[in-house]
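Architecture and fold: a report
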2 protein chains.
Amino acid sequence: MINKQWILKSFPRGDIADTDLVLEESNLREIGEQEILIRNIYLSLDPANRGWMSGQASYVDAMKIGDIMRGGTIGIIEKSNNEKFQVGDYVNSMGGWQNYSISSGKGVQKIPQNTGFELSAFMSVMGMTGMTAYFGLLDITDPQEGETLVVSAAAGAVGSIVCQIGKIKGCRVIGISGSDEKCNWLKNELNIDGTINYKTEDVRARLKELCPDGIDIYFENVGGKITEAVLTRMNIKSRISLCGLISGYNSESLVPGPAWGHLLIKRIKLQGFIIFDYQKRAMEAFQDLGKWIVEGKIKYKNDIVPGLENASSAIKKLFAGENHGKLIVQISEE
Amino acid sequence: MINKQWILKSFPRGDIADTDLVLEESNLREIGEQEILIRNIYLSLDPANRGWMSGQASYVDAMKIGDIMRGGTIGIIEKSNNEKFQVGDYVNSMGGWQNYSISSGKGVQKIPQNTGFELSAFMSVMGMTGMTAYFGLLDITDPQEGETLVVSAAAGAVGSIVCQIGKIKGCRVIGISGSDEKCNWLKNELNIDGTINYKTEDVRARLKELCPDGIDIYFENVGGKITEAVLTRMNIKSRISLCGLISGYNSESLVPGPAWGHLLIKRIKLQGFIIFDYQKRAMEAFQDLGKWIVEGKIKYKNDIVPGLENASSAIKKLFAGENHGKLIVQISEE
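Residues numbered from 1 in each chain as written. Chains lettered and ligands numbered in written order. Predicted model: local features only at pLDDT ≥ 70, side-chain atom pairs only at ≥ 80, totals over all residues. Heavy atoms only, no water.

Details of the environment of Ala133(B)
Quick note on the threshold: Elements are defined by DSSP. Helices are runs of H or I of four residues or more, strands are runs of E of two residues or more, and each kind is numbered from the N terminus. Here, two residues are considered to be in contact whenever any of their heavy atoms come within 4.5 Å of each other.
Locating Ala133(B) in the fold gives a position in helix H2 (residues 128-141). Residue contacts for Ala133(B): discarding those within four places in its chain leaves Val158(B), Ile161(B), Val162(B), Ile165(B) and Phe219(B).

As structure tokens, this is what we get:
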């Protein structure tokens, strides 16, 4: 059997180049004792992937040249020498950018069946994406009724869930996004209180209009100029949940700023987080998120790109802000 | 009676220029109903003063051109039409850069007498400086025994108290300072565990040597390149108390950076604070600090410059790192 795999050939400098990732074929070996064979179905594309390719260790080990590109996957067990897994089980794992992965079972989690949720939901709202929104907002900022919450990358996979959890908690929610289409979706479908198209509007002036009582909570996905504008409207003793800084991910080193002076003058509490730290509390998130989806309080959108061969071009959509909801590559049929 | 007063003539651009502050004389008026006349004895010079002169409101109203330069003072009541104050009372107030101030009594606090502490101590370790160190370290970072604490501007008024409170709490304390003389004082007199002279040593390399288990707490007074170096050694889930950013105070606008990416990857909690917010809890600090001074666990150094006429040149010492301990101008005899 042939396995197609995306191989990291060079560390990207700035934007990911076509030569950085190359699709190759290899022969699939037989599984050994205690091993399982997973046929990958869905591949998750996330802003954090760019950091993994940088050649520098961060919260995970650095990838090396020649590695299979790292990525979260949903797959189905096709062979098993491990009593914990049966053929036909659907599983979540770091299966990588390839058709098949062989695993000892470590870090592989079964996906519950017959839940009523589509399989791809376990890669978005009922997966890491939903957990990120849930703990990043609730655990880090503890939003209170009547507070003003501003979300950047608000139409993105995480941002759109954050907006809706904010509404459930009684916040006034303002979303910053990069197109009128996304802004309309946020406003008309997700019913948030106000939107700003950062590509066509003056973010600072619009924040002043939309946040007359200042900003109590900022859910940070982007960094850069948008954040500078938000900081000028933050209230005394406000909070920032630092989830991502996508505006700087294609830079060759960490980007300075935004200025810490705002954090000092406004006595802001800022907390960075990585969702892996919340793995043990996952069920808290999924119980609430599942209930809210069933009640119609949370809507989500998956942007599914067909074909493993399109993974390398698809990931660029994230940095151009061209994805609509959670970006997923479909590698094979369910 | 003649009152000498330093007047803000222009907002400094970059470093404070000799023409920004001018010493003028005016006639002292009689006090009115409920008013008190304070003869100022000590004037506090602090990094935060630079921000007050910027023409931009921050956590206090912006100063205007023509205002008496704002400053914290210790003085003695010479006349009183206010039953709350008696002639001869020593008081703390925002008396400004002048020989005499007239006040309604609002914001004026009596200094306890016969405590055994010298009067100038109530402007440093038993005043705002001590409170800043106390709450900034204990309330914001909750240091635990065995943790590694790094302090920038460690030989400064606040930093030197932070170092010693860190030792009292059982931390391994590393101080960053700008001269061998200051480093020797920190090491030999205050008994901290290690020092770095940032002007002559490679801060990043020295931090690696001195903090083999990484950094759990960073008490931030400076910003800029020193902080970039510290961030590379911070541990996962470490804490930063954001007290000041003196390296950027003479810049025309808030200085970008340090990079937020470190805060994200390391899941750092950063909290800015302004000591005015802790006014109601002042006694907590003074009870502990007073006890520790008597027990010999906290030493402090006041750098007293004689003569109101020298205030404008003295404040520049702060930004050049030339003060030795808390910088105070003596305006008149006790």
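Overview of the state of the cysteines
The condition is simple: Criterion for a disulfide: a pair of cysteine sulfur atoms within 2.5 Å.
According to the stated counting rule, one finds 0 disulfides over all chains in the structure shown. Free cysteine Cys211(B): the closest other cysteine sulfur is in Cys171(B), separated by 12 Å.

Overview of unusual backbone geometry
With the exception of glycine, most residues fall at negative phi, and the peptide bonds are largely trans. For Asn114(A), which is not a glycine, the phi torsion comes out positive at approximately 55°. Note that Asn114(A) resides in the loop between strand E7 (109-110) and helix H2 (128-141). Although it is not a glycine, Ala153(B) adopts a positive phi angle of roughly 50°. Looking at where Ala153(B) falls in the secondary structure, it is placed in the loop between strand E8 (148-151) and helix H3 (157-168).

Topic: the environment of Arg281(A)
All names here are of chain A. For clarity, the threshold we go by: For each residue, the accessible area found with a 1.4 Å probe, counting protein chains only, is set against the maximum for its type, and the residue is called buried under 20%, exposed over 50%, and partly exposed in between.
Mapped onto the fold, Arg281 is located in the loop between strand E13 (269-272) and helix H8 (282-294). Relative accessible area serves as the criterion here: at 32%, Arg281 is assigned to the partly exposed category. Spatially, the C-alpha atom of Arg281 lies 31 Å from that of Leu231, the residues being 50 residues apart in sequence. Once you skip the residues sitting within four places of it in the chain, Arg281 turns out to touch Phe135 and Asp139.

A short note on the interface of chain A and chain B
The condition is simple: Accessible area that two parts lose when put together, with a 1.4 Å probe and added across both, is what the buried area reports. When a carboxyl oxygen of Asp or Glu is within 4 Å of a side-chain nitrogen of Lys or Arg, the pair counts as a salt bridge. Under the scheme applied, nonpolar residues are Ala, Val, Leu, Ile, Met, Phe, Trp, Tyr, Cys and Pro; charged residues are Asp, Glu, Lys and Arg; polar residues are all the others, including Gly. In this scheme, strands are said to pair when DSSP sees at least two bridges between them.
Contact residues are listed per partner, giving 33 residues for chain A and 33 residues for chain B. Buried area between chain A and chain B, both sides added, is near 2,900 Å², and the carbon and sulfur share of it is 71%. Among the residues chain A hides against chain B, the three largest losses belong to Trp260(A), Leu264(A) and Arg267(A). Together they make up 30% of the total. Here Arg267(A) and Asp277(B) are joined by a salt bridge, their closest N and O atoms 2.7 Å apart. For the side of chain A that touches chain B, the secondary structure elements donating two or more residues are helix H6 (224-231), strand E12 (234-242), helix H7 (261-265) and E13 of chain A. It is H7(A) that contributes the most residues to the side of chain A that touches chain B, 5 residues altogether. Residues of the side of chain A that touches chain B, tallied by class, amount to 20 nonpolar, 8 polar and 5 charged. Examined bridge by bridge, E13(A) and strand E13 (residues 269-272) of chain B share 3 bridges and lie antiparallel to one another. Its bridge partner being in E13(B), Lys269(A) is matched across the sheet by Gln271(B).

Observations concerning the pattern of salt bridges
By the definition in use, this model includes 34 salt bridges over all chains. Put simply, Glu147(B) and Arg239(B) hold a salt bridge, and the shortest N to O gap is 2.9 Å. Within this pair, whereas Glu147(B) is found in the loop between H2 and E8, its partner Arg239(B) is found in strand E12 (residues 234-242), the two being separated by 92 residues in sequence. For the residue pair Glu147(B) and Arg239(B), the accessibility class agrees, reading buried in each case. With a shortest N-O distance of 3.9 Å, Lys291(B) and Glu295(B) are connected by a salt bridge. It is possible to trace a salt-bridge network through shared partners that takes in Asp139(A), Arg281(A) and Glu284(A).

Some words on the relation of the copies chain A and chain B
Here is the rule: Least-squares superposition of the copies uses the C-alpha atoms of those residues scoring a pLDDT of at least 70 in each of them.
Expressed as a screw transformation, the operator carrying chain A onto chain B has a rotation angle of 180° and an axial translation of 0.0 Å, and the superposed copies differ by an RMSD of 0.0 Å. On the angle and the small slide along the axis, the relation comes out as a two-fold axis. The position closest to the rotation axis in chain A is occupied by the C-alpha of Gly257(A), lying 1.7 Å away. A high fraction, 100%, of the interface residues of chain A reappear at the interface in chain B, so the copies pair face to face through one surface.

Quick look at the sheet that holds strand E9 (residues 172-177) of chain A
We count it as follows: For helices, the fitted axis covers only the stretch in contact; all axes are lines through C-alpha atoms, and the angles between them, taken along N-to-C directions, range from 0 to 180 degrees.
Taken together, the 12 strands give an open sheet; going across it, the order is E10(A)-E9(A)-E8(A)-E11(A)-E12(A)-E13(A)-E13(B)-E12(B)-E11(B)-E8(B)-E9(B)-E10(B), and neighbouring strands pair in mixed fashion. Strand pairing shows two members of the sheet lacking a second neighbour, strand E10 (194-197) of chain A together with strand E10 (194-197) of chain B, which therefore form its edges. Strand-to-strand twist of the sheet, defined as the mean angle between neighbouring strand axes without regard to direction, takes the value 15°. Sheet topology note: the strand E11 (residues 215-220) of chain B/E12(B) ladder contains 5 bridges and is parallel. Paired with Ile215(B) across the bridge in E12(B) is Met234(B). Sheet strands touched by H2(A): strand E8 (148-151), strand E11 (215-220), E12 and E13 of chain A. Its angle to E11(A), the strand with the most contacts, is close to 145°.

Some remarks on the pairing of strand E4 (residues 73-80) of chain B
All names here are of chain B. The sheet contact formed by strand E3 (residues 36-44) and E4 spans 7 bridges and is antiparallel. Bridging across to E4, Ile38 finds its partner in Ile77. Relative to strand E5 (residues 90-93), E4 runs antiparallel, the two sharing 4 bridges. Bridge assignment links Thr73 to a residue of E5, and that residue is Ser93.

Looking at the side chain of Lys266(B)
All names here are of chain B. The criterion, for reference: The sign given to each residue is positive for Lys and Arg and negative for Asp and Glu; His and the chain ends receive no count. As used in this structure description, the phrase polar contact means that two N or O atoms lie within 3.5 Å; if the pair is within protein, one of them must be able to donate a hydrogen and the other to accept it, and residues adjacent in sequence are counted only when both atoms belong to side chains.
On the secondary structure map, Lys266 appears in the loop between helix H7 (261-265) and E13. In this structure, Lys266 is buried with no salt-bridge partner, the nearest side chain bearing the opposite charge being Glu228 at 10 Å. Side-chain polar atoms of Lys266 contact the backbone oxygen of Leu231, separated by 2.9 Å.

Points about the packing of H2(B) against helix H8 (residues 282-294) of chain B
Packed helix pairs are specified by the crossing angle of their axes together with the interaxial distance, meaning the distance between the axes. Residue and element names in this part refer to chain B. The condition is simple: Roughly parallel covers angles under 35 degrees, roughly antiparallel covers those over 145, roughly perpendicular covers 65 to 115, and oblique covers all other angles.
Here H2 crosses H8 at 105°, and the two axes come no closer than 9 Å. It follows that H2 is roughly perpendicular to H8 by the angle criterion. Residue-level contacts link Gly130, Met131, Tyr134, Phe135 and Leu138 of H2 to Ala282, Glu284, Ala285, Phe286, Asp288, Leu289 and Trp292 of H8. Split by residue class, the contact of H2 with H8 holds 9 nonpolar, 1 polar and 2 charged.

Looking at the pairing of strand E3 (residues 36-44) of chain A
Residue and element names in this part refer to chain A. Counting buried positions along E3 yields 9 of 9 residues, so the element is predominantly enclosed. Where E3 and strand E6 (residues 100-103) come together, 4 bridges link them in antiparallel fashion. Counted as the bridge partner of Ile38 is Ser101 from E6. Bridge count for E3 against strand E15 (residues 326-330) is 3 bridges, and the pairing is antiparallel. Residue pairing across strands places Leu43 opposite Val329, the latter belonging to E15.

Purely geometric numbers; function is a separate question.
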